[in-house]
Amino acid sequence: MDIGIDLGTANTLLYARGQGIVLNEPSVVAVQEGSRHALAVGTEAKETIGRTPGSITAIRPLRDGVISDYEAAEEMIRHFVRKAVPGRRRPRTRMVVCVPSGVTQVERRAIVHASLSAGARAVHLIEEPMAAAIGAGLPVSDPRGSMVVDIGGGTTEVAVISLGGIVTAQSLRVGGDRLDAAITDFVRKEHSLLIGERTAEDVKVAIGTAWPVPGEEEREGRTFTVRGREKVSGLPRTVELTVPEVRAALDEPVEAIIAAVRVTLEECPPELSGDVMEHGIVLTGGGALLPGLDLRMASATGIPVFVADEPLDCVALGSGRCVEDFDGLQRVLGKAETVR
């Protein structure tokens, strides 16, 4: 069984050869303090974030797109592979694992070793912007410049791709987590209220915007009630947040993403810049769902911006295309690491 893995900071997706995406769960592991024994993984573990007793810790094994807790990451990958490939006797699998384009060699080795320890017989690495472009259906093998902006939970990958390779790229450690943190900081500073990351994510999904969206003026009048702990008194309190407030809170990380797009365009060869101008920029990843982001990016760059059809699944689908056609897409895959 060959598997493609989008090993994301927020969510992990598995693509099984011939079956499509078979798993999509949060990248969270709940462990017993001291023993490091995994009590829950994925969706079940995420429910424990911010609600665990002192003896249990909810860990996110990946930060900024790379492994921050090796043991938890290995346990998480093993659990997800077992869930995706049921049965008592599982053959050692060949894996295609997506990694940010800006990872160091040490970080790459950590991902490879965790995958091998979790049951892979061979591991190929593919850079996330390339996988996202393949999953979005861009002609990555053609002599034409295609630009993709993949906004994940921990990183934003901006790349111009041509002839099966990345011509120029920026890997920015800003993503959905930074957007959540920006909301948390704003509520703490402006309303003296402490809220958790799950509440901040709920606010972002409910009323978060990057730019006013034409035809959706009623959105501007929406509010969202958040409950948290008052910073001074320590007592529970509720606050009503408005759409303009949340947009202002998200301004800094959104502007950082747009700045990375500008830098990538400045470094792009003139011929490929013309292709990008003609065909536009494609947004993928969970951050692409932030209303108004495409409009704000188009306004800042003067280039049409489009959201991919299935932005959340693009990276996993791209790794899946590689799984389905190892030989045909050999140029975009990293050299295989095998069991020694």
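Nothing here was measured: the structure is a model prediction, and the numbers come from that model.

*Asks:* Could you give me a rundown of the overall build of the protein, with the residues and numbers involved?
*Replies:* A count of helices and strands for the protein gives ten helices and 19 strands. By the compact-globule yardstick of 20 Å for 340 residues, the protein fits well, its C-alpha radius of gyration being 21 Å. Its C-alpha atoms put the protein at 60 × 55 × 30 Å along the principal axes. The buried share among the 340 residues of the protein stands at 50%. For the protein, the proportion of contacts with a sequence separation of at least 24, taken over those separated by at least 6, is 63%. Working note: accessible area of the protein is about 15,000 Å², and carbon and sulfur atoms make up 49% of it.

*Asks:* Residues and numbers for helix α6 (residues 197-207), please.
*Replies:* Because each turn of an α-helix spans 3.6 residues, side chains separated by three or four positions in sequence point in the same direction. Buried within α6 are the following residues: Ala 200, Val 203, Lys 204 and Ile 207. One side of α6 holds all its buried residues, which, seen down the axis, span an arc of 110°. Looking at the packing, one finds that the buried side of α6 touches α5 (176-191), β15 (223-230), β16 (236-242) and α7 (243-267).

*Asks:* A description of the packing of α7 against helix α9 (residues 293-301) should follow, citing residues and the corresponding values.
*Replies:* Orientation of α7 relative to α9, taken along the N-to-C sense of each, is 45°, at an axis distance of 10 Å. Comparing their axes, α9 and α7 come out oblique. Seen along the crossing, α7 lies across α9 with a hand that is right-handed. Contacts from Asp 251, Val 254, Glu 255, Ile 257, Ile 258, Val 261, Arg 262 and Leu 265 of α7 reach α9 at Leu 293, Arg 296, Met 297, Ala 300 and Thr 301. The residue inventory of the contact of α7 with α9, partitioned by class, reads eight nonpolar, one polar and four charged.

*Asks:* Could you give an account of α7, naming the residues involved and the relevant values?
*Replies:* Taking 1.5 Å per residue as the helical rise, α7 with its 25 residues ought to reach 36 Å, and the 35 Å between its terminal C-alpha atoms agrees with that figure. Roughly 50° is the biggest bend found in α7, and it falls at Asp 251, with proline Pro 253 one to four residues downstream.

*Asks:* Can you tell me about the layout of surface pockets, naming the residues and giving the values?
*Replies:* There is about 940 Å³ of room inside the largest pocket. Along its surface, the largest pocket is lined by 44 residues, and Ala 10, Asn 11, Gly 153, Lys 204 and Gly 286 are the ones closest to its centre. Those elements giving two or more residues to the lining of the largest pocket turn out to be β1 (2-7), β2 (11-16), β3 (20-26), β11 (146-151), α5 and α6. Among the residues making up the lining of the largest pocket, the classes are represented as 17 nonpolar, 14 polar and 13 charged.

*Asks:* An account of unusual backbone geometry is needed here, citing residue identities and associated values.
*Replies:* Positive phi outside glycine occurs at Asp 64, with the angle close to 55°. The topology assignment puts Asp 64 in the loop between β7 (62-63) and β8 (66-67). Of note in this structure, Ser 192 is not a glycine but carries a positive phi near 50°. For Ser 192, the position within the fold is in the loop between α5 and β14 (193-194).

*Asks:* Break down the sheet that holds β16 for me, citing the residues and quoting the values.
*Replies:* Across the sheet, three strands lie side by side as β14-β15-β16; this open sheet has antiparallel pairing. Either end of the sheet is taken by a strand with one partner, and the two such strands are β14 and β16. Note: β15 against β16, seven bridges, orientation antiparallel. Each bridged residue has a counterpart across the sheet, and for Gly 228 the counterpart in β16 is Arg 237. Across the face of the sheet, α6 comes into contact with β15 and β16 while running at roughly 165° to β15.

*Asks:* Help me get a handle on the pattern of salt bridges, residues and values and all.
*Replies:* It is possible for side chains of opposite charge to pair when their charged atoms get near one another. Under the criterion given, the structure shown has 18 salt bridges. With a shortest N-O distance of 3.2 Å, Asp 2 and Arg 94 are connected by a salt bridge. In this pair, Asp 2 is assigned in strand β1 and Arg 94 in strand β9 (residues 93-99), connecting sequence segments 92 residues apart. Given a relative accessible area of 8%, Asp 2 falls into the buried group. With a shortest N-O distance of 3.3 Å, Asp 177 and Arg 60 are connected by a salt bridge. Of this pair, Asp 177 sits in helix α5 while Arg 60 sits in the loop between β6 (56-59) and β7; the two residues are 117 residues apart in sequence, bridging distant segments of the chain. Of the residues examined, Arg 60 reaches a relative accessible area of 14% and is grouped as buried. Via salt bridges that share partners, Asp 251, Glu 255, Arg 262 and Arg 296 belong to a single interconnected network.

*Asks:* Lay out the domain arrangement of the protein with the relevant residues and their values.
*Replies:* Taken domain by domain, the protein comprises domain 1 (3-130 + 314-338), domain 2 (138-174 + 252-312) and domain 3 (176-249). Facing the 14 residues of domain 2 at the interface are 14 residues of domain 3. Summing both sides of the interface, domain 2 and domain 3 together bury roughly 1,200 Å²; the carbon and sulfur share of this comes to 68%. Of all residues in domain 2, the largest losses of buried area upon contact with domain 3 belong to Pro 253, Leu 290 and Pro 291, amounting jointly to 37% of the total for that side. In this assembly, domain 2 and domain 3 are joined by zero salt bridges. Connecting domain 2 to domain 3 are five residue pairs in polar contact (both at pLDDT 80 or more). Taken together, the elements giving at least two residues each to the side of domain 2 that touches domain 3 come down to α7 and α9. The element best represented in the side of domain 2 that touches domain 3 is α9, accounting for four residues. The residue inventory of the side of domain 2 that touches domain 3, partitioned by class, reads seven nonpolar, four polar and three charged.

Conventions we followed
Residues numbered from 1 in each chain as written. Predicted model: local features only at pLDDT ≥ 70, side-chain atom pairs only at ≥ 80, totals over all residues. Heavy atoms only, no water. Helix = DSSP H or I, 4+ residues; strand = E, 2+ residues; numbered from the N terminus. Rg over C-alpha atoms; globule rule 2.2 N^0.38 Å. Buried < 20%, exposed > 50% of the residue type's maximum accessible area, 1.4 Å probe, protein only. Contact = heavy atoms within 4.5 Å. Areas by Shrake-Rupley, 256 points an atom, 1.4 Å probe, with all protein chains shown as cover. Arc of directions from axis to C-beta. Axes fitted to C-alpha atoms, helices over the stretch in contact; angles between N-to-C directions. Parallel < 35°, antiparallel > 145°, perpendicular 65-115°, else oblique. Left-handed = near helix turned anticlockwise from the far one by under 90°. Nonpolar A, V, L, I, M, F, W, Y, C, P; charged D, E, K, R; others polar. Expected span 1.5 Å × (residues − 1). Bend = angle between axes of the 7 residues up to and from the residue. 1 Å grid on protein atoms, 1.4 Å probe; cavity = no way out; pocket = protein on both sides within 12 Å on 5 of 7 lines; lining within 4 Å. Points joined across faces, edges and corners; volume = space filled by probe spheres on them. Pairing = 2+ DSSP bridges. Salt bridge = Lys/Arg side-chain N within 4 Å of Asp/Glu carboxyl O. Domains from an automatic or database assignment. Buried area = accessible area lost by both parts, 1.4 Å probe. Polar contact = N/O pair within 3.5 Å; in protein donor to acceptor, adjacent residues only side chain to side chain.

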